[in-house]
Amino acid sequence: MTAMSKVKINKKPALEDFGFIEDGKHYWWASWYAKVLGYKSIKTLMPSIKKAKRVCTLLGIPYEDNFVYAVFDWGKDIKLTKFACFLIALKADARKSVVKKARTYFLNELEEVNILLKGQNYLDRMVGREELKSLH
């Protein structure tokens, strides 16, 4: 074995590494995402989830496609698409540094989101408004 074969590269895990695929779609559990964003539970993230669902409605996108409710013996959870995670990050508490990081991550993924929205400029306006709000 050479010295080169022993070197391990530490790659940061991507969002996809924490999700799961069901019927060809990638999902993440809201209970997990709440903790990632620095919330105590899915319950404390719910106001941001509700706002994100309203944005879907405003965009003419059925929120049921992005927020799929599930009930288990131990409680309720929500399967979130990447788009749902993006909208929740936009509506979450911007004072949390991890929320800012999530927004940055999703803004880097904006091309994929714009394709979903078929090039509508509503998303750009919404992001701009959010940035202006955080300045005040």
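Residues numbered from 1 in each chain as written. Predicted model: local features only at pLDDT ≥ 70, side-chain atom pairs only at ≥ 80, totals over all residues. Heavy atoms only, no water.

Engineer: Now, about the packing of aromatic side chains: what can you tell me, with residues and values included?
Structural biologist: By convention here, two paired aromatic rings are described through the distance between centres and the angle between planes. Counted under the stated rule, the structure contains nine aromatic pairs. Centroid distance F20 to W29: 5.1 Å. Interplanar angle 25°. Geometry classified as stacked. A relative accessible area of 26% places W29 in the partly exposed class. Taken together, the ring pairs in this structure connect F20, Y27, W29, F72 and W74 into an aromatic cluster. In this structure, K96 packs its charged tip against the face of Y39, placed 4.6 Å from the ring centre. (Phe/Tyr/Trp six-rings, centres within 6.5 Å; stacked < 30°, edge-to-face > 60°. Buried < 20%, exposed > 50% of the residue type's maximum accessible area, 1.4 Å probe, protein only. Lys NZ or Arg CZ within 6 Å of the ring centre and 35° of its normal.)

Engineer: I'd like a description of the nonpolar core, backed by residues and values.
Structural biologist: Counting 29 residues, the largest nonpolar core has Y33, L37, I49, F67, L80 and I88 as the members making the most contacts within it. Put simply, the parts of the chain that give this core at least two residues each are α2 (30-36), α3 (42-59), β4 (75-80), α4 (82-91) and α5 (97-108). The element contributing the most residues to this core is α4, with eight residues. (Core = buried A, V, L, I, M, F, W, Y, C linked by side-chain atoms within 4.5 Å. Helix = DSSP H or I, 4+ residues; strand = E, 2+ residues; numbered from the N terminus.)

Engineer: Can you lay out the pattern of salt bridges for me, pointing to particular residues and giving the numbers?
Structural biologist: Opposite charge on two side chains lets them pair, provided their charged atoms get close. Counting across every chain of the model gives two salt bridges. Notably, a salt bridge pairs R95 with D93, separated by 2.9 Å at the nearest N-O pair. A relative accessible area of 72% places R95 in the exposed class. The class of D93 is partly exposed, set by a relative accessible area of 22%. (Salt bridge = Lys/Arg side-chain N within 4 Å of Asp/Glu carboxyl O.)

Engineer: Residues and numbers for the side chain of S48, please.
Structural biologist: Secondary-structure assignment places S48 in helix α3. A relative accessible area of 6% means that S48 is categorised as buried. Within the structure, S48 has its side chain in polar contact with the backbone oxygen of K91 (distance 3.2 Å). Other than its neighbours up to four places away in sequence, S48 contacts Y39, I88, K91 and A92. (Polar contact = N/O pair within 3.5 Å; in protein donor to acceptor, adjacent residues only side chain to side chain. Contact = heavy atoms within 4.5 Å.)

Engineer: Could you give me a rundown of the environment of Y105, with the residues and numbers involved?
Structural biologist: Here Y105 shows up in helix α5. Sequence separation of Y105 and F86 is 19 residues, and the distance between their C-alpha atoms is 8.8 Å.

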